[in-house]
Every structure is written in C-alpha cells, then in structure tokens.
Amino acid sequence: AQTNLQTSEKMASLGALVAGVAHELNTPIGNSLLTASALGDMVRDFERRLKEDGGLKRSALESHLGDARKACDIMTSSLTRAADLITSFKQVAVDQASGQRRRFRLDEVLHDTLATYAAQLRRASCSVTVDVPADLVFDSYPGSLSQVLSNLIGNALLHGFDGRDDGTLWISARREGPDLAVLQLRDNGVGMTDVVLHKIFDPFFTTKMGQGGSGLGMNIVYNIVTSVLKGTIRVESVPAEGTSVTLVLPLWLKEDVLQA
Ligand code: ADP
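Conventions used here
- Residues numbered from 1 in each chain as written.
- Predicted model: local features only at pLDDT ≥ 70, side-chain atom pairs only at ≥ 80, totals over all residues.
- Helix = DSSP H or I, 4+ residues; strand = E, 2+ residues; numbered from the N terminus.
- Contact = placed C-beta atoms within 7 Å.
- Axes fitted to C-alpha atoms, helices over the stretch in contact; angles between N-to-C directions.
- Parallel < 35°, antiparallel > 145°, perpendicular 65-115°, else oblique.
- Left-handed = near helix turned anticlockwise from the far one by under 90°.
- Nonpolar A, V, L, I, M, F, W, Y, C, P; charged D, E, K, R; others polar.
- Pairing = 2+ DSSP bridges.
- Near = placed C-beta within 6 Å.
- Expected span 1.5 Å × (residues − 1).
- Buried ≥ 20, exposed ≤ 12 C-beta atoms within 10 Å, placed from the backbone.

Going by an unreviewed UniProt entry, the protein carries the name histidine kinase and comes from Duganella rivi.

With that settled, the discussion passes to the overall build of the protein. The helix and strand inventory of the protein stands at eight helices and seven strands. Intrachain contacts of the protein at a sequence separation of at least 6 include 76% that bridge at least 24 residues.

Attention now goes to the packing of helix 5 (residues 142-160) against helix 7 (residues 217-228). Two numbers describe how helix 5 lies on helix 7: the axes approach to 10 Å, and their chain directions differ by 150 degrees. The angle between helix 5 and helix 7 falls in the class roughly antiparallel. The interaxial crossing formed by helix 5 with helix 7 has left-handed handedness. When helix 5 is examined against helix 7, the residues Ser 144, Gln 147, Val 148, Asn 151, Leu 152 and Asn 155 are found in contact with a partner set consisting of Gly 217, Ile 220, Val 221, Ile 224, Val 225 and Val 228. Residues that form the contact of helix 5 with helix 7 fall into these classes: seven nonpolar, five polar and no charged.

So, about the sheet that holds strand 4 (residues 168-176). Taken in spatial order, the five strands line up as 2-4-5-7-6 in an open sheet, and their pairing is mixed. Lying at the two open borders of the sheet, with one neighbouring strand each, are strand 2 (127-131) and strand 6 (232-238). Strand after strand, the sheet turns through a mean of 10 degrees between neighbouring axes, direction not considered. Pairing geometry for strand 5 (residues 180-187) and strand 7 (residues 242-250), over eight bridges, is antiparallel. Residue pairing across strands places Val 182 opposite Val 248, the latter belonging to strand 7. In the packing of helix 5 onto the sheet, contacts are made with strand 4, strand 5 and strand 7, and the angle to strand 5 comes to roughly 20 degrees.

Time to look at the packing of helix 3 (residues 106-115) against helix 5. When two helices pack together, their arrangement is given by the angle between their axes and by how far apart the axes lie. Between helix 3 and helix 5, whose axes approach to 9 Å, the crossing angle comes to 50 degrees. Considered as vectors, helix 3 and helix 5 are oriented oblique to each other. Between helix 3 and helix 5 lies a crossing whose hand is right-handed. Between helix 3 and helix 5, the contacting residues are Val 109, Leu 110, Asp 112, Thr 113 and Leu 114 on the first element and Pro 142, Leu 145, Ser 146, Leu 149, Ser 150 and Ile 153 on the second.

The subject of this paragraph is the site of the ligand. Among the 24 residues in the neighbourhood of the ligand, the closest are listed as Thr 206, Thr 207, Gly 213, Gly 217 and Met 218. Going through the elements one at a time, helix 5 and helix 7 are the ones with two or more residues in the shell around the ligand. It is helix 5 that provides the largest number of residues to the shell around the ligand, a total of five residues. When the residues that make up the shell around the ligand are grouped by side-chain class, the tally is nine nonpolar, 13 polar and two charged.

Quick look at the environment of Tyr 141 now. Mapping Tyr 141 onto the fold places it in the loop between strand 3 (137-140) and helix 5. Along the sequence, Tyr 141 and Arg 102 sit 39 residues apart, while their C-alpha atoms lie 6.3 Å from each other.

Moving on: helix 5. In this model, helix 5 (19 residues) spans 25 Å end to end at C-alpha, consistent with the 27 Å of a helix rising 1.5 Å per residue. A large share of helix 5 lies buried, amounting to 17 of its 19 residues.

Before going further, it helps to examine the pairing of strand 6. Here strand 6 pairs with strand 7 via seven bridges, running antiparallel. Note on strand 7: the bridge partner recorded for Ser 237 is Thr 243. What sits between strand 6 and strand 7 in their antiparallel hairpin is a turn of three residues, with Ala 240 showing a positive phi close to 70 degrees.

With twelve residues, helix 7 extends 16 Å between its outermost C-alpha atoms, agreeing within 8% with the 16 Å of an ideal straight helix rising 1.5 Å per residue. With nine of its twelve residues buried, helix 7 lies for the most part within the structure. Burial in helix 7 covers these residues: Gly 217, Met 218, Asn 219, Ile 220, Val 221, Asn 223, Ile 224, Val 225 and Val 228. Phi turns positive, to about 60 degrees, at Lys 230, one or two residues after helix 7.

In structure tokens form, the structure reads like this:
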C-alpha cells in the first residue's frame, strides 16, 4: 500500500509538472507569437509602401525600424523567459525522476529564481527585499522549491501588482526549531477578496480568464508543497493592501519517504 501511495504521489506531481509546463510557457510563447505576427504585418506594410511609393522617406523608415526593434526586444525577453522556464522545469523533472534530494542553500535557489524575473521586475519598477539567512540549508528538492517560488513571484507580478508600478515584494525566511524553515512572500499589491481567497487552490480558478491566466499556478504550488516538499502553505490577503503566502517546509525529508 505504501508503494502504491508513493507511485500515486509521483504521478500526481508528474501531472502537476506537465500542467505547470503548459501553464507557465503559455504566456511567453503566446506573447512571442502575437509579436512575431505583428512584426510580419509591419514588414509586409513596409514592402507594400516601398513598392507603391518607389522609395520611403527617412522619417518613415526610422519609425518602421523603431517598431521592428521594439517587437524584437519583446520576443527576445519572452523567449528568454520561456528558455529559463524550461531549464527550471527540467530540474524539477530530474528531481522527480531521480528521487534524489540534494543539499542546497535556500538563499542561492531564491537568488537564481529571482534572476529569471529580473527583466519583468525592472519593467514593473518592482522592488524586492530579501531577508534570508545564508545558513538556511535544505536537504530536499531544489528544482521543486524553485518552481514554487517562481509561481509565487510571478503571481505577485501578474495579479498583486497587476500592471501597477512601484510594488514591493518582501521575501523572508527563518529556521523554526531543528527541522523546519518558515518562508514568507508578501506583496503590497491589490490583494484578494475572501471569495477569491477561498478558491485560490482550485484547479482552473482564475480571475484573469483570457488574459494569460489558467488557474493552475496555485494548484501546482499546493501540490508540490504538500506532496513533494512535504510542507504546508497558508495564504492571507487583504483587498487593496496585499497578499502574504507562508510556507512551512521541513529542512530534510525522512528516509522512509525517500526510499520507497
Ligand atoms: P492564474 O495565475 O492562472 O490566474 P493561480 O492559480 O496562480 O492562477 O491564481 C489563482 C487566482 O488567485 C488568480 O487568478 C488571482 O485572482 C489570485 N491571486 C494569486 N496570487 C495573487 C496575488 N499575489 N495577489 C492577488 N491575487 C492573487
């Protein structure tokens, strides 16, 4: 029975992983597709005008080139984000498939995850305050933890700040007793009503239907935190004040869980 439980847990997290890949890649790839198609239109318009006018004014040429450069910049940053996501999912898949935990410093995994959001954080003029001690060392699954952090940071940007500038994201962690770490991500964004808060872990629940939301992000976070990292998650939120997510995670996983 224990093996079955282990297998079904692995299947559940594999399912969560696949859903996660689809969910997270959707936005940057969708962005790139739209931009590539707009760039194609620009080039066709440019060609048509070249043919009709028999030559373009320098100012028109500069404006076309400026638009094309902007489109290329958007595609480069979206595809960089997609490539970073694939790297991080690959790590989760390796973690899951090998079943091998690894010793890692939380501050380093957090730093690497934040680095994948550098461009987005800069664009949103969002500041991040990190207070994580360097001696907080886990013996667990770094790729899975990185995916959880990535979803939570992405949510603060997409939902919490919702396009608003100058948001702040506070990330802090502390050890609790010999075996646990408490990790908190708090944003001063738009917050959530109780109705939204109660549905936040439901699969496919999103307030951004048709605007890049699939409603899988927090469901994946919940699955990874509880079934892979063996921890707990609590979300508190006040409309117009912000949202706080608290994770309580074991610093290491019991041998019997890992060996099965
Ligand atoms: P998605 O991001 O695809 O909408 P999630 O499962 O990640 O799906 O989130 C579900 C919903 O929870 C979001 O649509 C949003 O309404 C709300 N939410 C999640 N994180 C935050 C946050 N930091 N601030 C405000 N609302 C949030």
